[in-house]
Amino acid sequence: MPLDQKPLPSQPSASSGPDRATGRDSAAGSTAGTAGEAGETGEGAADGATETTAQKAAGTAPEAAPEAPWDIRQPGPWTHRDLAANGARFHIAELGQGPLVLLVHGWPEYWWAWRHQLTALAEAGYRAVALDLRGIGGSDRTPRGYDPGNLALDITGVIRSLGERRAHLVGHASGGTLAWVAAVMRPSVIQSLTAVSAAHPRDLRRALLTDRRQMAAFDHVLGFQRPWIPERRLVADDAALVGRYLDAWTGPNQLDRTTVAAYRQAIQIPSTAHCSIEPYRWLVRSMARPDGIQFARRMKKPITAPTLHIQGAADPVLLSHTALGGGEYVAAPYRWRLLPGIGHFPHEEAPEQFTAELLDWVGRHKD
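We now turn to the structure provided with this report. All values reported here derive from a predicted model rather than from experimental measurement.

Conventions and cut-offs
- Residues numbered from 1 in each chain as written.
- Predicted model: local features only at pLDDT ≥ 70, side-chain atom pairs only at ≥ 80, totals over all residues.
- Heavy atoms only, no water.
- Phe/Tyr/Trp six-rings, centres within 6.5 Å; stacked < 30°, edge-to-face > 60°.
- Helix = DSSP H or I, 4+ residues; strand = E, 2+ residues; numbered from the N terminus.
- Buried < 20%, exposed > 50% of the residue type's maximum accessible area, 1.4 Å probe, protein only.
- Salt bridge = Lys/Arg side-chain N within 4 Å of Asp/Glu carboxyl O.
- Pairing = 2+ DSSP bridges.
- Right-handed = clockwise from strand over helix to strand, strands pointing away.
- Contact = heavy atoms within 4.5 Å.
- Polar contact = N/O pair within 3.5 Å; in protein donor to acceptor, adjacent residues only side chain to side chain.
- Axes fitted to C-alpha atoms, helices over the stretch in contact; angles between N-to-C directions.
- Parallel < 35°, antiparallel > 145°, perpendicular 65-115°, else oblique.
- Left-handed = near helix turned anticlockwise from the far one by under 90°.
- Nonpolar A, V, L, I, M, F, W, Y, C, P; charged D, E, K, R; others polar.

**Focus on the packing of aromatic side chains**
- Applying the stated criterion to the full structure yields 14 aromatic pairs.
- Measuring from centroid to centroid gives 4.9 Å for Y245 and W249, while their planes differ by 20°, and the two rings are stacked. Taken together, the residues Y245 and W249, both in helix α9 (residues 229-249) and 4 residues apart, mark about one turn of the helix.
- Y245 sits in the buried class, given a relative accessible area of 15%.
- Taking relative accessible area as the criterion, W249 reaches 8% and is therefore assigned buried.

As structure tokens, then:
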């Protein structure tokens, strides 16, 4: 088992941040603790106001109620539920009715990354669903199954479990890589594809073998190849390293502290640090192995889904020249969008601009 730590109490305030209801250990598939709310109610505040001076002097004043554990299932207009697909259980947040738009997060995020798009898509007449990938958030943490082929089948399996034949698939970073793979492996299921901060897998493989600048930008991925040490570092000091990554990878529009605190909490759920970096270990270690070579060959197959490719010009993780050229693999309408001044998280750094691009694209390919 990975040497993860248990999540610490949440930093964000109850008024501005995620709900602190029960934390879930998905490795055990169970819920620990009881639901609760942070902060004082009006009644509690009144009780505190009647506390006597004598009580204070004697040290017998009632203690404040402890905060309830942080919960991955933050409240909002969306609905949380679990689905079975590809031999595992997956947590989703969904909102709205209409054509399905499935949103797949990158690292070190979870479904919460798409909170802006969930509401915007639902208002525009779509069924918006944000997925927690295998090993992350509220989904199962399985001992294996973190190669891109199996993770892509997780995504297409969730589409089927939602009762849909096809979906508009949107993926960011590692989730964007899986979106490319899903479009190759199950083309009939993908109505349109939107890849965000994600090069086509063959382009990424080539860059990691030949481009020193991209290798340097992926220094954290190379560091993930060591056993056990990366997991310890990611969860140490309340996941401070994850916070530093998030700050360093964004452009001028930095993520707010509440959002950063939520991602730091999420990585500390037991086994998440280990499971979330297993795909990166496969990426590097498979390059010279038969399974990695076979995967690269399979990804030569043309993508038949209309594809929107969005990239932040200031992305320090996936360099724009690495992402450029994905259209070479698309035998369908293809649109490249380079967003000036935007870093690795376009959907969070410029949610209105990003959502406008997404709505325009899926609207053009509804039928």
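**Topic: the pattern of salt bridges**
- One pass over the structure, following the stated rule, counts 18 salt bridges.
- The shortest N-O distance in the salt bridge between D140 and R89 comes to 3.1 Å. With a gap of 51 residues between them, D140 in the loop between β6 (127-131) and α4 (148-161) and R89 in strand β4 (residues 88-95) connect regions that are remote in the sequence. Comparing D140 with R89, the two get one shared label, buried.
- For E164, the salt bridge identified is with R127, shortest N-O distance 3.0 Å. Of this pair, E164 sits in the loop between α4 and β7 (167-172) while R127 sits in strand β6, placing them 37 residues apart in sequence.
- A residue is classified by how much of its surface remains accessible, and R127, at 13% relative accessible area, is buried.
- Via salt bridges that share partners, R335, R337, E357, D360 and R364 belong to a single interconnected network.

**Some points on the pairing of strand β8 (residues 190-196)**
- Burial runs high along β8: 7 of the 7 residues are buried.
- Across 6 bridges, β7 lies against β8 in parallel orientation. Bridge pairing in β8 places H168 opposite S192.
- The parallel pair β7 and β8, bridged by helix α5 (residues 174-185), forms a crossover whose chirality is right-handed.

**Let's talk about helix α10 (residues 257-267)**
- Within α10, 10 of the 11 residues are buried, which leaves it mostly tucked inside the rest of the structure.
- All of the buried residues along α10 are T258, T259, V260, A261, A262, Y263, R264, Q265, A266 and I267.
- As for α10, its buried residues are in contact with α3 (115-123), α9, α11 (272-285) and α14 (346-349).
- One side-chain oxygen of the residue at the start of α10 lies 3.1 Å from the amide nitrogen of T258, identifying that residue as D256.

**Observations concerning the packing of α9 against α10**
- Orientation of α9 relative to α10, taken along the N-to-C sense of each, is 135°, at an axis distance of 9 Å. Put simply, α9 runs oblique to α10. Crossing of α9 over α10 shows right-handed handedness. Residue-level inspection shows L234, V235, D237, D238, A239, A240, V242, G243, L246 and D247 of α9 in contact with α10, the latter providing R257, V260, Y263, R264 and I267.
- Its residues assigned to classes, the contact of α9 with α10 shows 9 nonpolar, 1 polar and 5 charged.

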